[in-house]
Structures are given as C-alpha cells and as structure tokens.
Amino acid sequence: MVEHLAGRSRAAFETSLPHITSWAATLIRDHLGRVLLLHKSGAGPRAWQLPGGHLDHHEYPIGAALRELTEEAGVAPGRRLRLIGLDFALPANDWTGNRMGFFFDGGRLEVEYMDACVELSGEHDDWGLRAMDDWCTLMKPPDWQRIQYLVGAADNDTVAYLHEMGQPK
C-alpha cells in the first residue's frame, strides 16, 4: 500500500525534497599540532585540502572519511574518528543541490609514520604538514578559515557548525 502525504504519494513527496551531495574529510595532525593537507592536482597553487571526498551510495559519513583517508593519503587515523564539524551550503557554483560536509578528527600521528606511509592518489600531487599560521598564506582564505574552525573544535572537544563552505553559524 502506498503511503499518502498531503494528497501525494510518498515517492512524489520524496522527489519534491531538495537534492543533497554529501562528503566527508578527516583532520590529521602531528604531536606539534601541524595539520596534514593534500594539494589537489591541477587546481592551482592554493588548492590545499583535508583528505576527504564524496560519499558513495549506501555509505555512512564516517565510512567515507576512513575510505578517503586511506585512498587519498594511504594513512590510518591515530584514533577512533570523532565528529568535529558540519558544513552546510545551499546550491551555488553550478551545483544543483545542497552540499553537506562532515569533518572528523583522526587524531595525531607521528611524523615518521606519515613520512613513511603517505602515498598520494592520482587526485593529489603533494602533501604537507604545517602549522595553521603557515597554511594561511598557502591556501584560499575561506578554506583556511574552515580548517581553523575545525582545529578549534577538535582542541575544545566541540563540533563546529558551519554554513556556506566555512562560515560559522
């Protein structure tokens, strides 16, 4: 039996809801608090980002974060992942639906481990481990600000709620 909601079938109701694209990323730092970022191939000199990517069908955000961390950087988290941020954005820049990012704290890894293990996917051409102040001049300001909020949330055991790809709300 088909459920009816306000005179419409459930399927019609579901298709009327906004489309959303979801992605997940992981914050990894070393014992000095330096942040691991990857450089996106062919995207310009300031295209540094956390390891992460879009969710696959039937995949939970935490699973996507772990999968992307392994696929993009070849490392395992230094702790059980903990949610530290959500970023919601309305459609913009040719996206047809809303966008939702889930950010997780992957803990701290030894520099020697990262030196030995970081193996980039074809999506990235470089990786770096720097203090946030050093990343500031290497990244686009909104991207840097988003990661700065996430570092604060990780350090304060809170969750950052962001809008429009990095602005706090």
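Computed from a predicted structure; not experimentally measured. Every chain begins its residue count from 1, and numbering advances along the sequence as written. Only residues with pLDDT of at least 70 are given local features in this predicted model, and only at 80 or more are side-chain atom pairs given and counted; all residues enter the totals for whole chains, interfaces and linings. By convention in this description, side-chain values take in all heavy atoms of the structure and omit both hydrogens and water.

Let's shift gears to the overall build of the protein chain. Helix and strand definitions follow DSSP, with helices as H or I runs of at least four residues and strands as E runs of at least two, each counted in order from the N terminus. Each helix and strand counted, the protein chain has five helices and 11 strands in total. Dimensions of the protein chain, computed from C-alpha atoms along their principal axes, come out at roughly 60 × 35 × 30 Å. Within the protein chain, the proportion of its 169 residues that are buried is 41%. Where accessible areas are quoted, they stem from the Shrake-Rupley method and a 1.4 Å probe; at the residue level, only the protein chains shown are allowed to cover. Counting only carbon and sulfur atoms, one obtains 55% of the accessible surface of the protein chain, whose full area is about 9,400 Å². Three exposure classes are used, based on accessible area relative to the maximum for each residue type with a 1.4 Å probe and protein chains only: buried under 20%, partly exposed in between, and exposed over 50%.

Below, the discussion takes up helix α2 (residues 61-73). A helix is expected to reach a length of 1.5 Å times the quantity of its residues less one. Between its first and last C-alpha atoms α2 spans 18 Å; for 13 residues at 1.5 Å apiece the expected length is 18 Å, and the two agree. What α2 keeps buried is the set Pro61, Ala64, Ala65, Arg67, Glu68, Leu69, Glu72 and Ala73. Pairs of residues are marked as contacts when any of their non-hydrogen atoms sit within 4.5 Å. On its buried face, α2 sits against β3 (20-29), β4 (35-40), β6 (52-54), β8 (98-108), α3 (111-117) and β9 (124-130). Once α2 ends, the next one or two residues include Gly74, with phi positive near 75°.

Our focus in this paragraph is the side chain of His39. For His39, the location among the structural elements is in strand β4. Two N or O atoms form a polar contact when they lie within 3.5 Å of each other; inside protein one atom must be a possible hydrogen donor and the other a possible acceptor, and for residues adjacent in sequence the pair counts only when both atoms belong to side chains. At 2.7 Å, the side chain of His39 and the side chain of Asp125 are in polar contact. Discounting chain neighbours no more than four positions away, the residues touching His39 are Gly44, Pro45, Arg46, Ala47, Trp48, Glu123, His124, Asp125 and Asp126.

Moving on, we come to the pattern of salt bridges. By salt bridge we mean one thing: a side-chain nitrogen of Lys or Arg within 4 Å of a carboxyl oxygen of Asp or Glu. Scanning the model with the defined rule gives 12 salt bridges in all. In this structure, Arg108 and Asp155 form a salt bridge, with 3.8 Å as the shortest nitrogen-oxygen distance. Taken together, the positions of Arg108 in strand β8 and Asp155 in helix α5 (residues 141-155) put the pair 47 residues apart, joining distant regions of the chain. In this structure Arg108 comes out as partly exposed when scored by relative accessible area, which is 41%.

By themselves, these observations are geometric and do not establish any function.
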